[in-house]
Amino acid sequence: MKKFPPFLLLLFIFLSLLSCDHDEDLEVSNDMILEKRMYDKEYIKDATLNEQLNYRIFHLSQLVNELRVSKIEFDKMFSKNSGKDNSFNKLFFSDLLYSNALDNKGKGVNKNMEFSLGAFMGLSEQDLLPYIEKIKNGDTSDPLFLVSSYDIKNDRETVLGLKLDSEGKLQMVSSDVTEENVFGDKTGKVAGPNAVYKVDSDGCGNYYKNAGCGSSGSTGGVTTSGTVAIRTIQIRDKKDSWLSNAQIRFQKVTAGDFNSSNFYTHCGINDAWCNLDGDWLAQYSSREVKKGRVVNVNKYLGRKSGDFVLYALYEYDNWPAPKKTFKRNINGADVYVEYRSYQTPYDHNVFTTFSGNRYGVRSRTSYMLDNRAIKYNFN
């Protein structure tokens with residue numbers, strides 16, 4: 001295996017120091033250990049969040065550098081209408097490196113680059129594919145590349161800015177790029193003249209498996225009579241950075257009854273640990289949050305009578321956001337839902353549609369939460 005380029009090693013070490021939450025997370029003085037960890041998925045699966053974040057940044061950066069080395073004129077492949085409010089400007093690195101630069105077969109891709117192209121496969125419930133997206137037209141001779149990350153110390157999502165230096169090497173220029181830095185603001189602040197690209201990984205794609213992506217409108221699964229459903233939702237606190245649209249999902253376990261030896265869920269008998277991928281509810285941009293957009297969801301929750309529903313309503317984040325757990329003991333049965341998010345959920349709750357309280361769980365077929373973060377209801 002080839003050693004990764006020194007400039008990427010320096011970038012990686014800098015990022016490690018920037019976001020390090022424990023001194024023992026990385027042994028930055030040992031290049032061999034760093035190299036091994038960057039190409040060891042089994043290690044990364046159980047690594048600290050800090051190491052996982054740096055693993056992600058490292059491989060996205062390596063792919064950007066490969067575009068430069070291969071001299072691929074990728075900017076010409078984007079729509080002329082590129083911008084933060086436009087879509088369909090996403091190009092997958094696998095398409096760029098295999099189809100355009102390397103005779104459609106990828107024979108010239110070295111082992112390190114092959115690994116980077118598949119660096120996020122098998123690490124989560126989605127097969128995440130790295131891509132580049134143009135979000136601002138401008139000077140392509142001095143482009144700015146943006147990568148979403150997470151500030152562990154301050155518990156917030158942030159945007160890193162990277163540029164090519166005079167020698168064509170990728171360097172980080174900012175650990176907190178704001179929307180105003182890129183697009184200016186209403187007060188007259190002028191943004192830079194550079195072309196700007198977002199670099200990320202996603203499970204979306206019209207020909208890739210496990211593409212768990214929704215549209216900006218309401219979802220399918222509209223309820224029929226005899227059910228309890230989330231009806232409308234309004235997000236007031238977007239937890240994602242300005243660079244990403246927030247994906248609002250809910251995760252649930254539904255059961256007919258519980259006791260310590262005999263209970264069932266929607267997954268089968270005696271299985272309170274059935275945790276499916278979260279159901280997609282809605283997608284919000286920062287602009288839609290500011291405008292107070294309300295989405296009609298009508299997503300099924302449970303039967304009108306004879307159900308327990310344990311759920312979390314949250315903003316989904318792709319890997320390496322950690323899996324979190326909401327757990328309750330109901331009449332001797334430990335039941336929980338898992339969800340993937342950097343932050344705490346908008347709401348997590350348990351209710352029963354049996355008449356009257358049962359096992360200390362409130363009975364209800366209608367509910368509304370209205371606070372500074374979210375407004376939603378079900379009935």
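By convention here, each chain's residues receive numbers from 1 onward along its written sequence. Side-chain atom pairs in this predicted model are given and counted only at pLDDT of 80 or more, local residue features only at pLDDT of at least 70, and totals for whole chains, interfaces and linings cover all residues. In computing side-chain properties, one takes all heavy atoms of the structure into account and sets aside hydrogens as well as water.

Moving on, we come to the overall build of the protein chain. Counting secondary structure elements, the protein chain contains eight helices and 18 strands. Classification of residues uses two cut-offs on accessible area relative to the type maximum, computed with a 1.4 Å probe and protein chains only: under 20% is buried, over 50% is exposed, and between them is partly exposed. Scored against the burial criterion, the 379 residues of the protein chain give a buried share of 52%. Only heavy atoms enter the contact rule, under which two residues are in contact if any of them lie within 4.5 Å. For the protein chain, contacts bridging at least 24 residues in sequence account for 69% of all contacts bridging at least 6. As displayed, the protein chain has an accessible area near 17,800 Å², and 47% of this comes from carbon and sulfur atoms. Secondary structure elements are defined from DSSP: runs of H or I of at least 4 residues count as helices, runs of E of at least 2 residues count as strands, and each element is numbered from the N terminus. Here the Shrake-Rupley method, with its probe set to 1.4 Å, supplies the accessible areas, and only the displayed protein chains count as covering residues.

Moving on, we come to the packing of aromatic side chains. Aromatic rings from Phe, Tyr and Trp, taking only the six-membered ring of Trp, are treated as a pair when their centres fall within 6.5 Å; an angle between ring planes under 30 degrees marks them as stacked, one over 60 as edge-to-face, and anything in between as tilted. Under the defined criterion, the tally for this structure stands at 18 aromatic pairs. Taken together, a centroid distance of 5.1 Å and an interplanar angle of 65° make the contact between Tyr39 and Phe115 edge-to-face. On the criterion of sequence distance, the pair formed by Tyr39 in the loop between α2 (31-38) and α3 (41-45) and Phe115 in helix α6 (residues 111-117) is long-range, its members being 76 residues apart. With relative accessibility at 11%, the residue Tyr39 sits in the buried group. Measuring from ring centre to ring centre gives 4.4 Å for Tyr150 and Tyr342, while their planes differ by 10°; the resulting arrangement is stacked. Highlighted residues: Tyr150 in strand β3 (residues 139-151) and Tyr342 in the loop between β15 (333-340) and β16 (347-352), separated in sequence by 192 residues. Side by side, Tyr150 and Tyr342 carry an identical accessibility label, which is buried. Three or more aromatic residues joined by ring pairs make a cluster, and in this case those are Tyr311, Phe351, Tyr367, Tyr376 and Phe378. Put simply, a charge is over a ring when the Lys NZ or the Arg CZ is close to the ring centre, within 6 Å, and near the line of the ring normal, within 35 degrees. In this structure, Lys41 is placed above the aromatic ring of Phe115, and the distance from its NZ or CZ to the ring centre is 5.8 Å.

The next point concerns the environment of Leu60. Residue placement: Leu60 occurs in helix α4 (residues 49-70). Beyond its immediate chain neighbours, meaning those up to four positions away, Leu60 contacts Phe120, Pro130, Val147, Val199 and Asp200.

Next up on the list: α4. In an α-helix there are 3.6 residues to a turn, and that puts residues three or four apart on one side. Here α4 is 22 residues long and its end C-alpha atoms lie 32 Å apart, about the 32 Å a rise of 1.5 Å per residue gives. Burial within α4 is extensive, with 18 of its 22 residues counted as buried. Two residues or fewer past α4, Lys71 is found with a positive phi of approximately 55°. Between the first and last residue of a helix there are one fewer steps than residues, each counted as 1.5 Å, and that sum is the expected span.

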